[in-house]
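A look at the structure
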Amino acid sequence: MTDLIIIGAGPAGLTAAIYALRAGLSVVIIEGVIYGGQMSITNEIENYPGFRSISGAQLSEAMYKQAGDMGAKFIFQKAEQVRLSGDVKTVKTHSNEFHAKAVIIANGLKRRLLGCRGEEEFTGRGVSYCAVCDGAFFKGKKVIVVGGGNTAAEDALYLSELCNQVLLVVRRDRLRAEKYLADLIDKKSNITKLMQSRIREIRGENTVKSVILEDKLENCQEVDIDGVFIAIGYEPGNDIYKDQIKMDDYMYFISDESCQTNVSGVYVAGDCRTKPIRQIATAVSDGAVAGSMAVRFILSKT
Ligand code: NAP
């Protein structure tokens, strides 16, 4: 049995690991996608102290390497089932079962889907959720970015450097993105904003060829397009915990600044929990608290 299982290798989980490892605990980190989480697919980070500017991939690599060098054992599998009550906590993946004295859930958020026809069919064949990862495939082409938040705005700006034309499809009459990003978008001659618009369907053969676009008057037209980048935010992915850990109405784990849940020895850190600001800096802060609380909990039992 390991001392501590951490579910999620984003900034919260990796920081929790560093704190627990420094205190001498054995740590297993279970990660279903990629270390770094959302941070890993962020092009440029300018609000993480210590770095005027750093790519998400670089910062992810640095945190991952630090935890690994200190002795964290990484399991790149999805946590599928948990049993969190009692002194021995169990986390199951599709092929393994892990046991620990304490658990920190730092599983971040999952991407929100558009839910229109063709989205699932063409994912990876013209539909993407990561401009930084897939933008290069669309060099010189015409693409759509869906969403009006910071991510969509940054994606549109990033793609405007690679693609001939970028259509930014926003469902409301204004962007949610910060003003400096909105201003940058307005200065780009190859970005066109389509406000109060929605994609109704994504069409293609092997790859995406067009979308059915609905405008504010509910008129639909078919628009030829090479790629669709969906950037409409994230939502909690906490279903497997719902009968064990208390959550709010939106399925975020309920926790205060101690990161403690309603279950003894179980902590939550980062974007997955109730909190006003979801940033790398606040995830790291949670990780430090949750890691330290887990250390205290385990030491109190021995
Ligand atoms: P977000 O801020 O939640 O914005 C999501 C956008 O998608 C909104 O414009 C929303 O429209 C739209 N949307 C949601 N569901 C939709 C649907 N079904 N169809 C069409 N549009 C839909 O998400 P985000 O941009 O991914 O950002 C997430 C968090 O990370 C935010 O706190 C953000 O500030 C932060 N972030 C920060 C930076 C930075 O600091 N530079 C960069 C990226 C992200 P409505 O406005 O109508 O709801």
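Scroll up a little and you will see the structure.
Residues numbered from 1 in each chain as written. Predicted model: local features only at pLDDT ≥ 70, side-chain atom pairs only at ≥ 80, totals over all residues. Heavy atoms only, no water.

A look at the packing of helix α1 (residues 11–22) against helix α2 (residues 56–69)
Direction vectors running N to C along α1 and α2 enclose 30°, while the axes themselves pass 9 Å from each other. Compared by their axis directions, α1 and α2 come out roughly parallel. Judged by the sense of rotation from one axis to the other, the crossing of α1 with α2 is left-handed. Together, Pro 11, Leu 14, Ala 17, Ile 18 and Leu 21 of α1 and Ser 60, Met 63, Tyr 64, Gln 66 and Ala 67 of α2 make up the contact between the two elements. (Axes fitted to C-alpha atoms, helices over the stretch in contact; angles between N-to-C directions. Helix = DSSP H or I, 4+ residues; strand = E, 2+ residues; numbered from the N terminus. Parallel < 35°, antiparallel > 145°, perpendicular 65-115°, else oblique. Left-handed = near helix turned anticlockwise from the far one by under 90°. Contact = heavy atoms within 4.5 Å.)

Topic: the pairing of strand β13 (residues 208–214)
The element β13 is largely enclosed, with a buried count of six among its seven residues. Strand direction decides the pairing type here: strand β12 (residues 198–204) and β13, joined by six bridges, are antiparallel. Along β13, the bridge assignment pairs Gly 204 with Val 208. If you look at the hairpin formed by β12 and β13, you'll find three residues sitting between the two strands. Of the strand pairs in this sheet, β13 and strand β14 (residues 220–224) are connected by five bridges, and their pairing is antiparallel. (Buried < 20%, exposed > 50% of the residue type's maximum accessible area, 1.4 Å probe, protein only. Pairing = 2+ DSSP bridges.)

Section: the pattern of salt bridges
This structure, assessed with the given rule, holds 13 salt bridges. Across the salt bridge formed by Arg 200 and Glu 214, the nearest N and O atoms sit 2.9 Å from each other. Highlighted residues: Arg 200 in strand β12 and Glu 214 in strand β13, separated in sequence by 14 residues. By relative accessible area, Arg 200 is classed as partly exposed at 41%. Of the residues examined, Glu 214 reaches a relative accessible area of 14% and is grouped as buried. Because the salt bridges share partners, they merge into one network encompassing Glu 257, Arg 273, Lys 275 and Asp 286. (Salt bridge = Lys/Arg side-chain N within 4 Å of Asp/Glu carboxyl O.)

With respect to unusual backbone geometry
For Gln 196, which is not a glycine, the phi torsion comes out positive at approximately 50°. Among the structural elements, Gln 196 can be located in the loop between β11 (191–194) and β12. Residue Cys 259 is not a glycine yet carries a positive backbone phi of 65°. Locating Cys 259 in the fold gives a position in the loop between β16 (234–236) and β17 (266–268).

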